[in-house]
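Geometric and topological summary
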Amino acid sequence: MAPTRRVTVAVVDDHDVVLSGVRAWIDGDPRPIEIVDTATSIDGLDPRLAADVLVIDPRTAGEPAFELIARLAAAGHRIVVFSQQAGADLARRAELAGARAFVRKESAEGQRRLVEAILAVADDATGGAPDDASGGAPGDPTGDAAGGASGDAAGDASGGAPEPREASPCRPRFSEQELRTMRLWLGGLTRAAVARKMGISEHTVKQYLARAREKYARAGRDASNRIALYREARRDGLLDD
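Treat the numbers as computed from the prediction; the structure is a model and nothing was measured.

The next subject is the overall build of the chain. Looking only at helices and strands, the chain has eight helices and five strands in total. In the chain, the succession of helices and strands from N to C terminus is β-α-β-β-α-β-α-β-α-α-α-α-α. In the chain, which comprises 241 residues, the proportion classed as buried is 49%. Of all intrachain contacts in the chain linking residues separated by at least 6 positions in sequence, the fraction that spans at least 24 positions is 67%. When the accessible surface of the chain is totalled, it reaches about 11500 Å², and 49% of it is carbon and sulfur.

Here you go:
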């Protein structure tokens, strides 16, 4: 993903080594992305520096800071949560607070995922479609996901992800929209952010993810949660290395 303008970032984390590491990742990226502020607490951010994206560890000072994150999101800030922990409850709380993406620090692909999430969130703010009020509440999709989904966005902007391997009885075949949805969501974006980026409703995003899980289930492969879906998609060569 190559932004068409400079993307500015502010990072909040109470560990200097993390701040230094994120700065090194972003400074080493050839795309126009720049850190303009760092702080060890949300209150330590310079209010004069209006960064395009805030990267926040929700447990600065030891306690979850979701109320502060919610206030920042309500004020129009675009937030990527960068967390040491990756529990479903924590990710859900981040999404409910208004974060646009959730990236785990200890992921083997944390560096690439964080930078791509920052760029995706910044791009969503300038070129994405608005939220669809018909979208369902956050949480894993349930129920029957068969049937057509409305509001599909044309084309696949997967950011150079590899072509899927040929389908087999144990390797499902996915539509381009299902693939794009999986790549964006498994890359760290929330369902709401995926919906904005693709120009579809959050309900449709949940349908695409439910279909993908159902196709894996019919092939006898468990993809019942985010980690399992990521594992199977990686196994099939559907995601970037």
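Still more ground to cover, so stick around.
So, about helix α7 (residues 202–218). Along its 17 residues, α7 runs 24 Å from first to last C-alpha, staying within 8% of the 24 Å computed at 1.5 Å per residue. Most of α7 is tucked away, with 13 of its 17 residues classed as buried. Downstream of α7 by one or two residues, G220 has phi in the positive range, about 80°.

Moving on to the environment of A122. Here A122 is to be found in helix α4 (residues 110–127). In sequence terms A122 and T8 are 114 residues apart; their C-alpha atoms lie 8.8 Å from each other.

Moving on: the packing of aromatic side chains. Applying the stated criterion across every chain, the model contains two aromatic pairs. Between the aromatic rings of W25 and F82, the centroid separation amounts to 6.2 Å while the plane-to-plane angle is 75°, which identifies the pairing as edge-to-face. Placement of the pair is W25 in helix α1 (residues 16–27) and F82 in strand β4 (residues 78–83), with a sequence separation of 57 residues. What makes F82 buried here is its relative accessible area of 4%. Plain terms: the ring middles of F174 and Y216 are 5.3 Å apart, the flat faces sit at 50° to each other, and that makes the pair tilted. Taken together, the residues span a long stretch of sequence, with F174 in the loop between α4 and α5 (176–186) and Y216 in helix α7 at a distance of 42 residues. Given the relative accessible area of 10%, F174 is considered buried. Judged by its relative accessible area of 0%, Y216 is buried. Positioned above the aromatic ring of W185, the side-chain terminus of R226 is 4.3 Å from the ring centre.

The N-to-C vectors of α5 and helix α8 (residues 226–235) enclose an angle of 120°; their axes lie 11 Å apart at closest approach. Considering the angle they form, α5 stands oblique to α8. In this structure, α5 crosses over α8, and the sense of that crossing is left-handed. Residues M182, W185 and L186 of α5 lie in contact with α8, whose contacting residues are R226, L229, Y230 and A233. Split by residue class, the contact of α5 with α8 holds six nonpolar, no polar and one charged.

A separate point is the side chain of K215. Here K215 lies in helix α7. For K215, the side chain forms a polar contact with the main-chain oxygen of R173, separated by 3.1 Å.

Within the fold, A219 resides in the loop between α7 and α8. Through-space distance from the C-alpha of A219 to that of P172 is 6.9 Å; in sequence the pair is 47 residues apart.

A word on the pairing of β4. Working note: regular strand, side chains alternate between the two faces of the sheet. β4 sits mainly inside the fold: six of its six residues count as buried. Taking every second residue as pointing to the same face, both faces of β4 are buried, with R78, V80 and F82 on one and I79, V81 and S83 on the other. Both β4 and strand β5 (residues 101–104) contribute to a ladder of four bridges, which runs parallel. The partner of V80 across the bridge, within β5, is A101.

Another point: the sheet that holds β5. Strands sit in the order β2-β1-β3-β4-β5 across an open sheet of five strands; the sheet is parallel. Every interior strand has two partners, whereas the edge strands, β2 (33–39) and β5, have only one. Pairs of neighbouring strands in the sheet enclose a mean axial angle of 25°, with direction left out of account. Where strand β1 (residues 7–12) lies against β2, six bridges are found, and the strand directions are parallel. Note on β2: the bridge partner recorded for A10 is D37. Packing against the sheet, helix α2 (residues 66–74) makes contact with β3 (53–56) and β4, and its axis sits at approximately 155° to β4.

Definitions and cut-offs
- Residues numbered from 1 in each chain as written.
- Predicted model: local features only at pLDDT ≥ 70, side-chain atom pairs only at ≥ 80, totals over all residues.
- Heavy atoms only, no water.
- Helix = DSSP H or I, 4+ residues; strand = E, 2+ residues; numbered from the N terminus.
- Buried < 20%, exposed > 50% of the residue type's maximum accessible area, 1.4 Å probe, protein only.
- Contact = heavy atoms within 4.5 Å.
- Areas by Shrake-Rupley, 256 points an atom, 1.4 Å probe, with all protein chains shown as cover.
- Expected span 1.5 Å × (residues − 1).
- Phe/Tyr/Trp six-rings, centres within 6.5 Å; stacked < 30°, edge-to-face > 60°.
- Lys NZ or Arg CZ within 6 Å of the ring centre and 35° of its normal.
- Axes fitted to C-alpha atoms, helices over the stretch in contact; angles between N-to-C directions.
- Parallel < 35°, antiparallel > 145°, perpendicular 65-115°, else oblique.
- Left-handed = near helix turned anticlockwise from the far one by under 90°.
- Nonpolar A, V, L, I, M, F, W, Y, C, P; charged D, E, K, R; others polar.
- Polar contact = N/O pair within 3.5 Å; in protein donor to acceptor, adjacent residues only side chain to side chain.
- Pairing = 2+ DSSP bridges.

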